[in-house]
Each structure stands twice: as C-alpha cells, then as structure tokens.
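# Survey of secondary and tertiary structure
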Amino acid sequence: MSRVSIAAYVAGSVQGVGFRYNTQRQARELGLTGYAYNMDDGRVEVVAEGESDVVQQLVDWLKQGGPRGARVDQVLLEPRPLAHFTQFKIKY
C-alpha cells in the first residue's frame, strides 16, 4: 500500500454543526493524519494522509454527509504532496 495525501473541499451546511469535530473523530478512528479547517467561504477543508484505501473510506464518509445535522452538497478532491502530519487536528 502507498501513503497518499488529499485535500477535500466540502460544501453545504457544514459549519456550526460539529463537522470538524466529527471528521477528526472519524479520521482518528481510521488512523489518518491531517486536519479539518473552516474556510471563509463556508466550506470545510479536510486534508487527510494515510494508506490510499483508508483515505478513500474517509472520503466516502464525507460524501455520505458526515455527521448528523450536516448537509453535504459537494466534495471536491485534489491530491496533495505528503506533509507527514503526526495526528489529525482541527485547525482554527
């Protein structure tokens, strides 16, 4: 397996609903590193690093709408160079 890094830009009703916290919990359960960040335009940026199949599990979770109370309209993905994060954090 190879390690990958992706950025997912999640649009919809994703701020103020615990989206970053729940994404952090999900990513940590999967053993991924990276961060979740509320963007000024209302989207959440999720950067995740780990084995490609495990990163895909997080992407699938994001596309299914994330936590209860959130509404995901779109998830845009782009590859990123590995930053070798040590944990998954919420960025402010």
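Computed from a predicted model, the values in this text were never measured in an experiment.

Once that is clear, we can look at unusual backbone geometry. Despite not being glycine, His84 has its phi angle at roughly 55°, a positive value. Mapped onto the elements of the fold, His84 is located in the loop between β4 (71–79) and β5 (88–91). Since its relative accessible area comes to 56%, His84 is described here as exposed.

It is worth spelling out the UniProt feature "active site" (unreviewed entry) in the protein chain at this point. As annotated in UniProt, the feature "active site" (unreviewed entry) corresponds to Arg20 and Asn38 in the numbering used here. A maximum C-alpha distance of 7.8 Å is found for the annotated residues, which run over 19 residues; spatially they form one tight group. Topologically, Arg20 is positioned in helix α1 (residues 19–30). For Arg20, the contacting residues outside a window of four places in its chain are Ala36, Tyr37, Asn38, Val44, Ile90, Lys91 and Tyr92. Within the fold, Asn38 resides in strand β2 (residues 33–38). Apart from residues no more than four positions distant in its own chain, Asn38 is found in contact with Gln15, Arg20, Arg43 and Val44.

Take the nonpolar core next. The tendency in soluble globular proteins is for nonpolar side chains to be buried as a group. Val10, Phe19, Leu32, Val46, Leu58 and Leu62 are the most contacted members of the largest nonpolar core, which totals 21 residues. If you list the elements that add at least two residues to this core, you get β1 (3–13), α1, β3 (44–51), α2 (52–63) and β4. Of all the elements, α2 adds the most residues to this core, at 6 residues. Leaving out residues up to four positions away in the same chain, Leu32 has contacts with Ala27, Ala48, Glu49, Gly50, Val54, Val55, Leu58 and Phe88. Counting 5 residues, the second-largest nonpolar core is a separate cluster that includes Ala7, Tyr9, Tyr35 and Val47.

As a further point, take the packing of aromatic side chains. Tallied over the entire structure, the rule returns 2 aromatic pairs. With a centroid separation of 6.3 Å and 40° between ring planes, the pair formed by Phe19 and Trp61 is classed as tilted. Within this pair, whereas Phe19 is found in helix α1, its partner Trp61 is found in helix α2, the two being separated by 42 residues in sequence. Judged by its relative accessible area of 1%, Phe19 is buried. Note on Tyr35 and Phe85: the rings are 5.8 Å apart at their centroids and 85° apart in plane angle, and the pair reads as edge-to-face. Separated by 50 residues along the polypeptide, Tyr35 in strand β2 and Phe85 in the loop between β4 and β5 bring together distant segments of the chain.

Thresholds, definitions, all that
- Residues numbered from 1 in each chain as written.
- Predicted model: local features only at pLDDT ≥ 70, side-chain atom pairs only at ≥ 80, totals over all residues.
- Heavy atoms only, no water.
- Helix = DSSP H or I, 4+ residues; strand = E, 2+ residues; numbered from the N terminus.
- Buried < 20%, exposed > 50% of the residue type's maximum accessible area, 1.4 Å probe, protein only.
- UniProt positions renumbered as here; feature names shortened; annotations may be inferred.
- Contact = heavy atoms within 4.5 Å.
- Core = buried A, V, L, I, M, F, W, Y, C linked by side-chain atoms within 4.5 Å.
- Phe/Tyr/Trp six-rings, centres within 6.5 Å; stacked < 30°, edge-to-face > 60°.

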